[in-house]
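One-letter residues, chain by chain:
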Amino acid sequence: RLRKSLTVDNLWQYVIKALRKPKYAYDMTRSLKSLNANMVTVYAVLYKLEAGGYIKKAFSEKGGGPVRKYYVATAKGLVELKIAKQLLKNHLKELR
């Protein structure tokens, strides 16, 4: 129960952290595999984070190929991540 609470239930923190550098959604699903987050869950988190202004999407064209969509964290998202990290640190301190 604790593992799920700290990983899947808080997936948004891992996503924002990973998106400090631009990433494609598919790459996100692969990098979060170790958290047992399936593709649908990752895409749902991406959608909610974008709707909240915590991440934004951009588009790129490589060598005349199809336009690809990627995501990157916004300043608002990075601030929220910092707050969440501090909250977790405080909780750990209280448990010691």
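This one's a predicted model, so the numbers in the text were calculated from it and none came from an experiment.

A.B. asks: With reference to specific residues and values, describe the packing of helix H2 (residues 11–18) against helix H4 (residues 39–51).
C.D. replies: Interhelical geometry of H2 versus H4 gives an angle of 75° and a closest axis separation of 10 Å. If you check the angle between H2 and H4, you find them roughly perpendicular. Residues Leu11, Trp12, Val15 and Ile16 of H2 form the contact with H4, whose participating residues are Thr41, Val42, Val45, Leu46 and Leu49. Of the residues belonging to the contact of H2 with H4, the class tally is eight nonpolar, one polar and no charged.

A.B. asks: Break down the side chain of Thr29 for me, with residues and values.
C.D. replies: As for its placement among the helices and strands, Thr29 is situated in helix H3 (residues 25–31). Among the residues examined, Thr29 registers a relative accessible area of 6% and is labelled buried. Among residues more than four places away in sequence, those in contact with Thr29 are Met39, Val42 and Tyr43.

A.B. asks: Quick rundown of helix H5 (residues 75–95)? Include the residues and the values.
C.D. replies: Helical periodicity: at 3.6 residues per turn, an α-helix aligns residues three or four positions apart in one direction. Compared with the 30 Å implied by 1.5 Å per residue over 21 residues, the 31 Å span of H5 between its first and last C-alpha is a close match. Here H5 has its buried residues at Gly77, Leu81 and Ala84. Along the long axis of H5, the arc covered by the buried residues comes to 65°, so they all point the same way. Away from its buried face by more than 90 degrees, H5 exposes Ala75, Lys82, Lys93 and Glu94. Where the residues of H5 are buried, they touch H2.

A.B. asks: Describe the packing of H2 against H5, with residues and values.
C.D. replies: At their nearest, the axes of H2 and H5 sit 10 Å apart, and the two run at 130° to each other. Classified by the angle between their axes, H2 and H5 sit oblique to one another. Pair H2 / H5 crosses with left-handed handedness. Mapping the contact onto sequence places Trp12, Gln13, Ile16 and Lys17 in H2 and Gly77, Leu78, Glu80, Leu81, Ala84 and Leu88 in H5. Split into classes, the residues belonging to the contact of H2 with H5 amount to six nonpolar, two polar and two charged.

A.B. asks: Which residues make up a positive patch on the surface, and what values go with them?
C.D. replies: There is a patch of like positive charges on the surface, built from Lys17, Arg20, Lys21, Lys85, Lys89, Lys93 and Arg96. Take Arg20: it is sitting in the loop between H2 and strand E1 (23–24).

A.B. asks: Describe the pattern of salt bridges, and please don't skip the residues or the numbers.
C.D. replies: Under the criterion given, the structure shown has two salt bridges. A salt bridge links Lys57 to Glu50; the shortest N-O distance between them is 3.8 Å. Residue classification places Glu50 among the partly exposed residues on the basis of a relative accessible area of 24%.

Calculation criteria
Residues numbered from 1 in each chain as written. Predicted model: local features only at pLDDT ≥ 70, side-chain atom pairs only at ≥ 80, totals over all residues. Heavy atoms only, no water. Axes fitted to C-alpha atoms, helices over the stretch in contact; angles between N-to-C directions. Helix = DSSP H or I, 4+ residues; strand = E, 2+ residues; numbered from the N terminus. Parallel < 35°, antiparallel > 145°, perpendicular 65-115°, else oblique. Contact = heavy atoms within 4.5 Å. Nonpolar A, V, L, I, M, F, W, Y, C, P; charged D, E, K, R; others polar. Buried < 20%, exposed > 50% of the residue type's maximum accessible area, 1.4 Å probe, protein only. Expected span 1.5 Å × (residues − 1). Arc of directions from axis to C-beta. Left-handed = near helix turned anticlockwise from the far one by under 90°. Patch = residues over 30% accessible without salt bridge, like charges linked within 9 Å, V, L, I, M, F, W, Y side chains within 5 Å. Areas by Shrake-Rupley, 256 points an atom, 1.4 Å probe, with all protein chains shown as cover. Salt bridge = Lys/Arg side-chain N within 4 Å of Asp/Glu carboxyl O. Lys, Arg positive; Asp, Glu negative; His and termini not counted. Charge placed at Lys NZ, Arg CZ, Asp CG, Glu CD.

The values reported here are purely geometric and, on their own, carry no functional implication.
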